Amino acid sequence: MVILSPVGDTGLLACTECKYSILPTRISSHFKGSPHQLSPNERRKVAEDISIISGIFRDLEDLEKLRIPSSFPYFFPELVLFSDGLACQDCPYITRGSKQIIDHYTKIHSWENPRKKGGKQRKIKNFPWKSNISCQRFFPSGQKSSLFRVNPNRAFYEASPEEEGAPESSETQFEDLDENRPQEIPIRNQGPIDPDIEWTRLDSNFEDFKKREIRKIQKNLLDDVSPWLERTRWVEYLSGLDRSILLGLIDGPDTSLLRRIWLDFDNLVEKSQKTLRIVGLFGRFELARTEKNQVRARPFRGYQDPGRISRYSRPWKQILSFFVRTQENPNPIDYPTYSFDNIQAVYYRRYIGLVYRALEFEDPEENLENLEKPTISEDSSSDFHDEDEDEEEVEEDEDEAGKTIIRGPRYSRKVSRLSRIEKALLSFLLSLLDRKSDEDEYELPLVDALAVLGLEENGFRGPDSYPSILSSILKISKFFVLRFAFEPRLEYPSDLDSNSNISDLDLSREPVLLFSDLDLSEKPLERLTTLIDRFLIRGTKTTMAWLLDLRSYGLKIARNSTSPGYIDWS
């Protein structure tokens, strides 16, 4: 079975299933994940077959010599062919996103968008850019991933030798780009190498090479005895990846999409924690459990200080940033390997699609201001642990203000209703929790993201600091489960949104709805017990089970280890 094929005469190899180029150094990681899932022996055989091929780009340093022109007089059948490109008429810039082309014209060409914010909207006519442009790219993202225009009516193998790598005449469809004539793509081994020139090039790039190697996570880190790293397997999972790139994946929000997601998450946590108001003592003892049939001495408690909600939810928001950056800008070369299952992919796409639509009608500056100063209601600092509540006689209704009214024999309280976007986010988060792995814990996407959270600038987080991160993730996850137990009406996707790039989504199979096997006629406390026993305790082979075991192991090491001594000269 052929799984790799040459991309014309460019010196690149493309996966016949993904239709994107792959460097030989990334053969193993690419074919390990979905949808290929080749065995180690099969991946090794592919790497050996590629190693004997000459005249191809093999690594990132090699790839720097690849020059990509703005257009080709043909298209490459080995690559994905897009027909929805948006091309600038004043420069070679091309993209597939309407927001990106608008930003380009606004910032580069000082174009003023006639569609103003607020008031009655009208459609824009006579766009300054060209639409429905055929284009391709060698890599999905990252280095050398820029789009270039192609002729969709002629494949590379149909072009004559004189035409290959050369621009078309001004009479073709690329006449408006004639002043930006493409350069030839260099191919390795075109002729003998001058030793002096090659030595000069290597000498000038040596410092950059050393810096890149220092940033990479090396397997020899395990040469020193470290029970903590052996238990986490972070070095094994992240080996060979650039530390600075990985830390950038969990960095703070730098786009309007991530700023909106962080705000949505803070609002969801705040509303979910308020559900503790309608939970009696038995329900809070259930939430405190970490094992089946366990009896805890103290009930589960929420955060008392409203300012702590946003601070302690940061690890969860970093996990969301990791998923968004790797899914919206997939780069198999520089990113860890993980995959959503079909349910997780559907709910992720649903939520991201709703966020994209919401961003079209909101002010990004207001978003940024809200992110810097989170909006938390005044009553969120009150005590959420009323012992006189009876959850078995709870009824739900809605008032005119859009609140969920909780009515009981001795109280009448209001808990803010979740918005459509917040329900979609809660659905995705619960789908991450409700996944088991019988073999490797790194088959769970949350475990993969938590491995990146264990990174520091010069090493890894140790058992003295990492367990506190796990504790905050566990506590906030219990808020989400509690909210669903008392309001089991999630945002079920009625269709698949196309704004997100999910490479492992099986569109040929109807996705199973989240918790479709759950009896929604159960009382809230019974439903809470069912969910906790399903994926929030030890022994369930879920992310939370892995998290609880690792937290206990880290705390044990931290308590039994001697703290380092410091000498201060004054």
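A. Quick look at helix α15 (residues 420-433). Helix length check: α15, at 14 residues, gives a terminal C-alpha distance of 20 Å against a target of 20 Å (1.5 Å per residue), a fit within 8%. Summarising burial for α15: 13 of the 14 residues are buried, a large majority.

B. Seen up close, the pairing of strand β6 (residues 130-136). Strand direction decides the pairing type here: strand β4 (residues 82-87) and β6, joined by three bridges, are antiparallel. For F82, the partnering residue across the bridge sits in β6 and is C135. Note: β6 against strand β7 (residues 148-149), two bridges, orientation antiparallel. Residue pairing in the sheet places Q136 in a bridge with F148 of β7.

C. Broad picture of the confidence of the model for the chain. Residues of the chain with pLDDT of at least 70 account for 69%, and the chain-wide mean is 75. At the level of individual helices and strands, the chain shows its lowest average pLDDT in strand β8 (residues 395-398), which scores 38, and its highest in helix α16 (residues 445-453), which scores 95. Here residues 160-193 is a poorly scored stretch, pLDDT under 50, and it has 62 contacts once near neighbours within four places are set aside; other chains count.

D. Broad picture of the side chain of T326. Mapped onto the elements, T326 comes out in helix α12 (residues 314-328). Of the polar contacts made by the side chain of T326, one reaches the backbone oxygen of F323; its length is 3.1 Å.

E. Highlighting the nonpolar core. Counting residues in hydrophobic clusters, the biggest one holds 91 residues, and the most contacted among them are W316, F323 and F480. By residue number, the principal contributor to this core is helix α17 (residues 466-486), which donates 13 residues. Apart from the residues lying within four places of it in its own chain, the contact partners of F323 are Y338, F340, Y348, F428, L432, P445, L446 and A449. With 18 residues, the next largest nonpolar core counts V7, L12, A14 and L23 among its residues.

F. Seen up close, the pairing of β4. Here β4 runs beside strand β5 (residues 94-95); their pairing, made up of two bridges, is antiparallel. In the strand pairing of β5, L86 is matched with T95. The antiparallel hairpin formed by β4 and β5 contains six residues in its connecting segment.

G. Representation of the environment of K65 in the model. Mapped onto the elements, K65 comes out in the loop between α3 (60-63) and β4. Of the residues examined, K65 reaches a relative accessible area of 37% and is grouped as partly exposed. Of the polar contacts made by the side chain of K65, one reaches the side chain of D62; its length is 3.0 Å.

H. Structural view of the packing of aromatic side chains. Under the criterion given, the structure shown has 30 aromatic pairs. Seen in terms of ring centroids, W234 and Y466 are 4.8 Å apart; in terms of plane orientation they differ by 75 degrees. Their pairing is edge-to-face. Of the two residues, W234 is situated in helix α7 (residues 234-238) and Y466 in helix α17; the sequence distance between them amounts to 232 residues. Each of the two residues, W234 as well as Y466, counts as buried. For the pair F322 and Y338, a centre-to-centre distance of 5.4 Å together with 40 degrees between the ring planes defines the contact as tilted. You can see F322 sitting in helix α12 and its partner Y338 sitting in the loop between α12 and α13 (342-359), a full 16 residues away along the chain. Pair check on accessibility: F322 and Y338 agree, each one buried. Members of the aromatic cluster, connected to one another through ring pairs, are F322, F323, Y338, F340, Y348 and F428. In this arrangement the basic side chain of K475 is found over the ring face of F300, its NZ or CZ atom lying 5.7 Å from the centre. In this arrangement the basic side chain of K475 is found over the ring face of Y303, its NZ or CZ atom lying 4.7 Å from the centre.

I. The pattern of salt bridges, seen in detail. Inspection of the entire model under this criterion finds 19 salt bridges. Here D62 ties to K65 by a salt bridge, and the two come within 3.0 Å at their closest N and O atoms. A salt bridge links E270 to K274, with the nearest nitrogen and oxygen atoms 3.6 Å apart. On the criterion of helical spacing, the pair formed by E270 and K274 is a turn pair, its members being four residues apart in helix α9 (residues 256-274). Each member of the pair, E270 as well as K274, is classed as buried.

Rules and cut-offs
- Residues numbered from 1 in each chain as written.
- Predicted model: local features only at pLDDT ≥ 70, side-chain atom pairs only at ≥ 80, totals over all residues.
- Heavy atoms only, no water.
- Helix = DSSP H or I, 4+ residues; strand = E, 2+ residues; numbered from the N terminus.
- Expected span 1.5 Å × (residues − 1).
- Buried < 20%, exposed > 50% of the residue type's maximum accessible area, 1.4 Å probe, protein only.
- Pairing = 2+ DSSP bridges.
- pLDDT = per-residue confidence, 0-100.
- Contact = heavy atoms within 4.5 Å.
- Polar contact = N/O pair within 3.5 Å; in protein donor to acceptor, adjacent residues only side chain to side chain.
- Core = buried A, V, L, I, M, F, W, Y, C linked by side-chain atoms within 4.5 Å.
- Phe/Tyr/Trp six-rings, centres within 6.5 Å; stacked < 30°, edge-to-face > 60°.
- Lys NZ or Arg CZ within 6 Å of the ring centre and 35° of its normal.
- Salt bridge = Lys/Arg side-chain N within 4 Å of Asp/Glu carboxyl O.

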